[in-house]
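# Remarks on the overall topology
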Amino acid sequence: MNGVFADTFYWIALINPADRYSQEVLRFDDLLSGGAVFTTEEGLAEVLTFFASDSWLRSRAVETVREIVSDPIVRIIPQSHDSFVSGFDLYAARPDKGYSLTDCISMQTMRREGLTEVLTNDHHFEQEGFRPLLRDS
């Protein structure tokens, strides 16, 4: 697998053993060692926000984000004014969709990086022409 985008969904399922996708995500995690994994700073910030109210999961999220940041196969795309504006423009252009701003920033990042596959089950990515690698059963 070469060049895949890891959505917030993926990181949350990787951190939380009670997540219904945890086992499937762990199987993907083993397959990713050979290729580049892309994610955004916005997505990692969302992960930390998601687990803010549970002390055990918050601690695990902090530990995992530290591992992600130091992992040489993970390319973290930094936040910038341009990435915000690009994501915001997509968000504003799709008033009929339920896209989050973070998703829009991720989608625009994927376009810039030439990525088509995403570690998520979020059908919004499919609506924008990307291929989610995790599916609802």
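Coordinates for the structure precede this section.
Counting starts from 1 at the beginning of each chain's written sequence and moves along it residue by residue. The model is predicted, so local features are restricted to residues of pLDDT at least 70 and side-chain atom pairs to those at 80 or more, both for listing and for counting; the totals for chains, interfaces and linings are taken over all residues. Note that water and hydrogens are dropped before the side-chain values are worked out from all heavy atoms of the structure.

It is worth spelling out the layout of surface pockets at this point. Note on definitions: the grid is 1 Å and covers protein atoms alone; a cavity is a set of points where a 1.4 Å probe fits but cannot get out; a pocket is an open set with protein on both sides within 12 Å along at least five of seven lines; lining residues have an atom within 4 Å of a point. Grid points are joined across faces, edges and corners, and a volume is the space filled by probe spheres set on the points. Considered as a void within the structure, the largest pocket measures approximately 240 Å³ in volume. Lining of the largest pocket is provided by 15 residues; of these, Tyr10, Trp11, Leu14, Asp29 and Asp71 occupy positions nearest its centre. Here a helix means four or more residues in a row that DSSP labels H or I, a strand means two or more in a row labelled E, and each is numbered from the N terminus. Going through the elements one at a time, helix H1 (8–15), helix H2 (22–31) and helix H4 (55–70) are the ones with two or more residues in the lining of the largest pocket. With four residues, H4 is the single largest residue contributor to the lining of the largest pocket. A class-by-class count of the residues in the lining of the largest pocket yields nine nonpolar, two polar and four charged. Basically, the charged four are Asp, Glu, Lys and Arg, the nonpolar ten are Ala, Val, Leu, Ile, Met, Phe, Trp, Tyr, Cys and Pro, and anything else, Gly included, counts as polar.

With that settled, consider helix H5 (residues 81–93). Expected span, for any helix, means 1.5 Å times one less than how many residues it has. When the terminal C-alpha atoms of H5 are compared, their 18 Å separation across 13 residues agrees well with the 18 Å that a helix rising 1.5 Å per residue should span. Here's how the labels work: a residue is buried when its accessible area is under 20% of the maximum for its type, exposed when over 50%, partly exposed in between, all with a 1.4 Å probe on protein chains only. Inspection of H5 places Ser83, Ser86, Gly87 and Leu90 among the buried residues, and these make up the whole buried set. Taken end-on, H5 shows its buried residues confined to a sector of 90 degrees, consistent with a single buried face. A contact between two residues is defined here by any heavy atoms of the two lying within 4.5 Å. Turning to H5, the residues buried within the fold contact helix H3 (41–50) and helix H6 (101–113). Note that the arc is computed from the directions linking the helix axis to the C-beta atoms.

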